[in-house]
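# A closer look at the structure
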Amino acid sequence: QVQLVESGGGLVQAGGSLRLSCAASGRTFINYAMGWFRQAPGKEREFVAAISWSGLSIYYADSVKGRFTISRDNAKSTVYLQMNSVQPEDTAVYYCNVDRRPPATFKDSLKFGSWGQGTQVTVSS
């Protein structure tokens, strides 16, 4: 069973930066895409960013494009999210996930086998 452990969240002032990490375990993840999602209070979970196994295909939600950067370390089965110029609207619980389907599909379907506990990001104004 796939296990996902997110970390790196916290309280940050608007305009600041955070780096989130997510370690995946439970199987080998060759050719798996990885992605980040978030859920704000009272809202549905939404797509943030996704990256292919090779790292050559990357996708972002329009709301974070130019501010967030997704990357991965396949040797560690870990995906990262560098968050710069954060804004109060970025406040949410951030989750990661993995799947063999193309990363471009992550924004259209949030159906995954399971989710981790997430990491809370709070941006103060």
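Preceding this section is the structure that the text describes.
A brief report on the enclosed structure follows.

Thresholds, definitions, all that
- Residue positions are counted from 1 within each chain, in the order its sequence is given.
- In view of the model being predicted, local features appear only for residues whose pLDDT reaches at least 70, and side-chain atom pairs are presented and counted only at 80 or more, with totals across whole chains, interfaces and linings using the full set of residues.
- Only hydrogens and water are removed before side-chain values are computed, so all heavy atoms of the structure are retained for them.
- The numbering of helices and of strands both runs from the N terminus, where a helix is a DSSP run of H or I of at least 4 residues and a strand a run of E of at least 2.
- With the radius of gyration taken over C-alpha atoms, the globule rule is written as 2.2 Å times the number of residues to the power 0.38.
- Under the convention used here, a 1.4 Å probe and the Shrake-Rupley method define accessible areas, while residue burial counts only the protein chains that appear.
- Counted charges follow a simple rule, with Lys and Arg positive, Asp and Glu negative, and His plus the chain ends left uncounted.
- By convention, the charge on Lys lies at NZ, on Arg at CZ, on Asp at CG and on Glu at CD.
- Only the six-membered ring of Trp is used, alongside the rings of Phe and Tyr, when aromatic pairs are assigned; centres must lie within 6.5 Å, and planes under 30 degrees apart are stacked while those over 60 apart are edge-to-face, with the rest tilted.
- Note on exposure labels: buried denotes an accessible area under 20% of the residue type's maximum, exposed denotes more than 50%, and partly exposed covers the range between, all computed with a 1.4 Å probe on protein chains only.
- As a reminder, the over-ring test applies to NZ of lysine and CZ of arginine, requiring each to be within 6 Å of the ring centre and within 35 degrees of the ring normal.

## Considerations on the overall build of the protein
Check the secondary structure of the protein and you find zero helices and ten strands. Reading the secondary structure of the protein in the N-to-C direction produces β-β-β-β-β-β-β-β-β-β. Over its C-alpha trace the protein gives a radius of gyration of 13 Å, about what one expects of a compact globule, namely 14 Å for 125 residues. If one aligns the C-alpha atoms of the protein with their principal axes, the spans along those axes are about 40 × 25 × 25 Å. Carbon together with sulfur atoms contributes 48% to the accessible area of the protein, which is approximately 6,400 Å² in total. Once the 13 positive and 9 negative side-chain charges of the protein are each reduced to a mean point, those two points are 6 Å apart.

## Regarding the packing of aromatic side chains
The description of an aromatic ring pair rests on the distance of the ring centres and on the angle between the ring planes. Summed over all chains, the structure comprises eight aromatic pairs. Geometrically, the ring pair formed by Phe37 and Phe47 is edge-to-face, given 6.1 Å between the ring centres and 70 degrees between the ring planes. Within this pair, whereas Phe37 is found in strand E4 (residues 33-39), its partner Phe47 is found in strand E5 (residues 46-51), the two being separated by ten residues in sequence. Phe37 gets classed as buried once you look at its relative accessible area, which sits at 0%. On the basis of relative accessibility, which here comes to 9%, the residue Phe47 falls in the buried class. For the pair Phe106 and Phe112, a centre-to-centre distance of 5.2 Å together with 85 degrees between the ring planes defines the contact as edge-to-face. We classify Phe112 as buried; its relative accessible area is 12%. Among the aromatic residues, those joined into a ring-pair cluster are Phe37, Phe47, Tyr95, Phe106, Phe112 and Trp115. The aromatic ring of Phe112 is capped on one face by Arg101, whose charged end is 4.6 Å from the ring centroid.

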